[in-house]
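Read off the chains here:
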Amino acid sequence: MTKLLYTGIKNGEADVELELSADIQNDWLEITHTKEVSQVMNKTAGNYIIVKRNTLKCEVVS
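Residues numbered from 1 in each chain as written. Predicted model: local features only at pLDDT ≥ 70, side-chain atom pairs only at ≥ 80, totals over all residues. Heavy atoms only, no water.

Asks: Looking at this model, I keep getting lost on the side chain of Ser38. Mind explaining?
Replies: Residue placement: Ser38 occurs in strand β4 (residues 37-42). Within the structure, Ser38 has its side chain in polar contact with the side chain of His33 (distance 2.7 Å). Apart from the residues lying within four places of it in its own chain, the contact partners of Ser38 are Thr32, His33, Ile49, Ile50, Val51, Lys52, Arg53 and Leu56. (Helix = DSSP H or I, 4+ residues; strand = E, 2+ residues; numbered from the N terminus. Polar contact = N/O pair within 3.5 Å; in protein donor to acceptor, adjacent residues only side chain to side chain. Contact = heavy atoms within 4.5 Å.)

Asks: Before we go on, may I ask you to explain the nonpolar core in this structure?
Replies: Considering soluble globular proteins, one finds that nonpolar side chains tend to be buried as a cluster. Judged by nonpolar contacts, Leu4, Tyr6, Leu20, Val40, Ile49 and Val51 together constitute the single largest core of six residues. Mapped onto this core, the elements with two or more residues apiece are β1 (3-9) and β5 (47-52). Setting aside residues up to four positions removed in sequence, Val51 forms contacts with Gly8, Ile9, Lys10, Asn11, Leu18, Glu36, Val37, Ser38 and Leu56. (Core = buried A, V, L, I, M, F, W, Y, C linked by side-chain atoms within 4.5 Å. Buried < 20%, exposed > 50% of the residue type's maximum accessible area, 1.4 Å probe, protein only.)

Asks: What is the right way to read the pattern of salt bridges from this model?
Replies: Two side chains bearing opposite charge may form a pair once their charged atoms approach each other closely. Throughout the structure, instances matching the rule amount to one salt bridge. Between Lys43 and Glu30 there is a salt bridge whose closest N-O contact spans 2.7 Å. With Lys43 in the loop between β4 and β5 and Glu30 in strand β3 (residues 29-33), the pair connects residues that are 13 residues apart, well separated along the chain. Among the residues examined, Glu30 registers a relative accessible area of 27% and is labelled partly exposed. (Salt bridge = Lys/Arg side-chain N within 4 Å of Asp/Glu carboxyl O.)

Asks: Explain the sheet that holds strand β2 (residues 17-23) here, please?
Replies: Through backbone hydrogen bonds, the strands of a sheet pair up, either in parallel or in antiparallel fashion. Here three strands make up an open sheet; going across it, the order is β2-β1-β6 and the pairing antiparallel. Of all the strands in the sheet, just β2 and β6 (57-61) have a single pairing partner and so form its edges. Neighbour to neighbour, the strand axes of the sheet diverge by 20° on average, direction disregarded. Two strands pair when backbone bridges link them, and β1 and β6 are joined in this way by five bridges, in the antiparallel orientation. (Pairing = 2+ DSSP bridges. Axes fitted to C-alpha atoms, helices over the stretch in contact; angles between N-to-C directions.)

Here it is in structure tokens:
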């Protein structure tokens, strides 16, 4: 099982980091961007994060 971990700084907050985990084989993800924010949604689990656009990072965790 391979998981993706998305992290970023919460929009409107200076020091609050949010994270969202998703299994790339079983979860349905949607990522959207505007000029100021990025939103990552795990539609299978019903979880989402909204972060400052330039702080969004993704890493593969096994």
